[in-house]
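Per-entry structural report
Below are the chains, spelled out letter by letter.
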Protein chains: 2
Amino acid sequence: MSDKRYLILAEGKSGDAHYGKTMRGVVAYSPHPTVAIVDSARAGETYEQIPIVGSVEEGLAQGPDTALVGVATQGGRFPPAWRALLKESIAAGLDVENGLHEFLSDDREISELAIEHGVELRDLRKPPPGLSVPTGENLRVQAKIVLTVGSDCAIGKKTVAIELDRAARARGLKSVFVPTGQTGIAIAGWGIAVDAVVADFLAGAAEWLVVEGARRGGEVLFVEGQGALVHPAYSGVTMGLLHGSAPHALVLCHRAGAEVVEGYPDHPLPSLMELVELHEWASLPLRPAKVAGIALNTGDLSEADARAAAAAAEEETGLPADDPLRFGGASLLDAVLRVVHS
Amino acid sequence: MSDKRYLILAEGKSGDAHYGKTMRGVVAYSPHPTVAIVDSARAGETYEQIPIVGSVEEGLAQGPDTALVGVATQGGRFPPAWRALLKESIAAGLDVENGLHEFLSDDREISELAIEHGVELRDLRKPPPGLSVPTGENLRVQAKIVLTVGSDCAIGKKTVAIELDRAARARGLKSVFVPTGQTGIAIAGWGIAVDAVVADFLAGAAEWLVVEGARRGGEVLFVEGQGALVHPAYSGVTMGLLHGSAPHALVLCHRAGAEVVEGYPDHPLPSLMELVELHEWASLPLRPAKVAGIALNTGDLSEADARAAAAAAEEETGLPADDPLRFGGASLLDAVLRVVHS
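Just so it is clear, the model here is predicted, and its values are computed rather than measured.

So, the interface of chain B and chain A
Opposite the 45 residues of chain B that make contact, chain A presents 45 residues. With both chains or domains summed, chain B and chain A bury close to 3,500 Å², and 66% of this area falls on carbon and sulfur atoms. A salt bridge links R125(A) to D200(B); the nearest nitrogen and oxygen atoms lie 3.5 Å apart. The tally of links from chain B across to chain A stands at 12 residue pairs in polar contact (both at pLDDT 80 or more). Listed by contribution, the elements that provide at least two residues to the side of chain B that touches chain A are α7 (202-215), α8 (235-245), β13 (264-268) and α9 (272-282) of chain B. Ranked by the residues each element gives to the side of chain B that touches chain A, the list is headed by α8(B), at 6 residues.

Right under this line is the structure:
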């Protein structure tokens, strides 16, 4: 492992659970330390004991060697003001990791500056060359495949996959977390951002990911889910990932109490039971996937309310429900293993 | 309208209903004539009274000005032997239209040859710049939106959309066919190949298409469907198109008698009734789409068997069923108009 030290660029977004999710995921799960976070609106505060600073220049005092674009934007493009932050980082000799759809390596000015300063630009969402349609190898992978799905974006599908993978490895299982998005790739150091591939090759990219997860020794694969089947913008990605990764079991993630798609207040969410049925029905007839349990995101609730929400979800669906981040992944892991070995 | 005259390149595939579907669609529906088809394996034969010739050189005698890549390939790449055909066409002064995922304009040798010979390369599947996620404008489009969906690829979703659009215009309705794939674009002269856009922007591209269809004067839009929700390779595209185009009504296309996905003999098809329910359930809660009728492809059946298949489909689903290509689009158009005006 390199001794990479991150400066996370999160200007204006370090307090935003949705658009700051790359920052949050990397701080929580990356093997590499984050030494400072740039967000001038919150300079002087801390996030998880990491200093928030007002500028790249201030952050340099903490000795980073890599700047990470720590925010998501709708549509995945750079707000113009970001160019200054990126250029300042490059001029200071930092490598840059970027998970937006807009690729730094395609930007002539940024690329030339990187060459001039001898730094590397890593576009985490840039698909590998040579992707195509699936070959059927996804259905021949020897591992048991588990995919996290959900009622919305940014509710914890990646976190649940990581927590279940950790719990499985803690039990001595040969488990691998399979990253499918920019934050997962930044954390694990491999993967494909399936939302950035040509739409026709979505399932092919998902197949590649589970084949690679097994090649890395996984006997159980926890595949990071993307989007939601009921999301008006991102459902295509979810569907391609569902079919291409060919899961044996699903874990349905949901923010306790949510009733509409976040940011789309006119779009109601189906009930948990309807979501369970929709996902099982949408899975391939040749590889029917069963929802093993419900992973609730109860971050907004008191502990008592969180336990009550889990009990209500169990009552509604007849499936185990838990908040694995809050209460540990053991019960959902048990449920998953029961399904994949049944 | 220009006086474009097509030479269709269909080497080895002119007899193949699946991989030759661009050739077939353009011959059947393009306003521009096809003067010859290149397929050395069938030289001397004809297709729809168009001469099939053994080489580009022979085809030139018919006076074409545009070569059209008339085949699809799995994964959308050029077999190496095709380079010679393309180079010969360019050297003969023909513009080239190409609907594969591999873009001619990205190929340095082909591009330089095109410049040298003063011809144009048109990559029909190249997405326009600036696509992003949907804005919600799809739900504000004033037109009634009809999407063709189906049990498989290459069973007639484009043909059904074109036939229903023609039938609607014949009745004096302000109807527009909305092309979403390379053949539809070649026929109509506009559109976006949604399977070639970055997966995250699938729904955004579909939104652009229905907004543009209304801008072109459509009060009823017949949107060309892509792939199938139950297809192991292409379901993501179908889902993104279903949500992004925000249809009021669906027409479910099915090849009469098909029981498995073509080319995927292990993948069983659900029943027609299950397909109706799956598509209605998969549509957005905010814009629930109703299946208005079943469009059967009965090309392999006798007329009596075709009528029996339609009757059986009506019996199973309780919906009108017909083969619009064989028996005319009137009955399905009636069914669609009942649903969109209900």
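So, next bit.
A short note on the pairing of strand β4 (residues 50-53) of chain B
Residue and element names in this part refer to chain B. Here strand β2 (residues 34-38) runs beside β4; their pairing, made up of 2 bridges, is parallel. Of the residues in β4, the one forming a bridge with I37 is I52. Here strand β3 (residues 46-47) folds back onto β4 in antiparallel fashion, the turn holding 2 residues, of which E48 has a positive phi close to 50°.

Here's the deal with the sheet that holds strand β15 (residues 321-322) of chain A
Residues and elements named next belong to chain A. The 6 strands lie next to each other as β9-β10-β8-β11-β14-β15, forming an open sheet whose pairing is parallel. Looking along the sheet, the strands with just one partner apiece sit at the ends: β9 (175-178) and β15. Bridge analysis of strand β8 (residues 144-150) against strand β10 (residues 220-223) gives 4 bridges, and the strand direction is parallel. Bridge pairing in β10 links I145 to L221. Sitting on the sheet, helix α8 (residues 235-245) is in contact with β8, β10 and β11 (249-255), with an inclination near 165° to β8.

Section: the side chain of H254(A)
Tracing the sequence through the fold places H254(A) in strand β11. When sequence neighbours within four positions are dropped, the list of residues in contact with H254(A) reads S151(A), I155(A), L269(A), L272(A), A295(A), L296(A) and N297(A).

A closer look at the environment of L325(B)
Residues and elements named next belong to chain B. Residue position: L325 is located in helix α11 (residues 324-327). For L325, a relative accessible area of 57% corresponds to the exposed category. For the pair formed by L325 and L337, sequence separation is 12 residues and the distance between their alpha carbons is 18 Å.

Things to note about the pattern of salt bridges
Under the defined criterion, the tally for this structure stands at 32 salt bridges over all chains. The partner of E109(A) in a salt bridge is K87(A), with the nearest N and O atoms 2.8 Å apart. With E109(A) in helix α4 (residues 108-117) and K87(A) in helix α3 (residues 82-91), the pair connects residues that are 22 residues apart, well separated along the chain. For E109(A), a relative accessible area of 39% corresponds to the partly exposed category. Assessed through its relative accessible area of 29%, K87(A) is described here as partly exposed. A salt bridge links R122(B) to D95(B); the nearest nitrogen and oxygen atoms lie 3.8 Å apart. With R122(B) in strand β7 (residues 121-123) and D95(B) in strand β6 (residues 95-98), the pair connects residues that are 27 residues apart, well separated along the chain. Judged by relative accessible area, which is 21%, R122(B) ranks as partly exposed. Overlapping salt bridges, with partners in common, bring together K4(A), D95(A), E97(A), E120(A) and R122(A) in one network.

Rules used throughout
Residues numbered from 1 in each chain as written. Chains lettered and ligands numbered in written order. Predicted model: local features only at pLDDT ≥ 70, side-chain atom pairs only at ≥ 80, totals over all residues. Heavy atoms only, no water. Contact = heavy atoms within 4.5 Å. Buried area = accessible area lost by both parts, 1.4 Å probe. Salt bridge = Lys/Arg side-chain N within 4 Å of Asp/Glu carboxyl O. Polar contact = N/O pair within 3.5 Å; in protein donor to acceptor, adjacent residues only side chain to side chain. Helix = DSSP H or I, 4+ residues; strand = E, 2+ residues; numbered from the N terminus. Pairing = 2+ DSSP bridges. Axes fitted to C-alpha atoms, helices over the stretch in contact; angles between N-to-C directions. Buried < 20%, exposed > 50% of the residue type's maximum accessible area, 1.4 Å probe, protein only.

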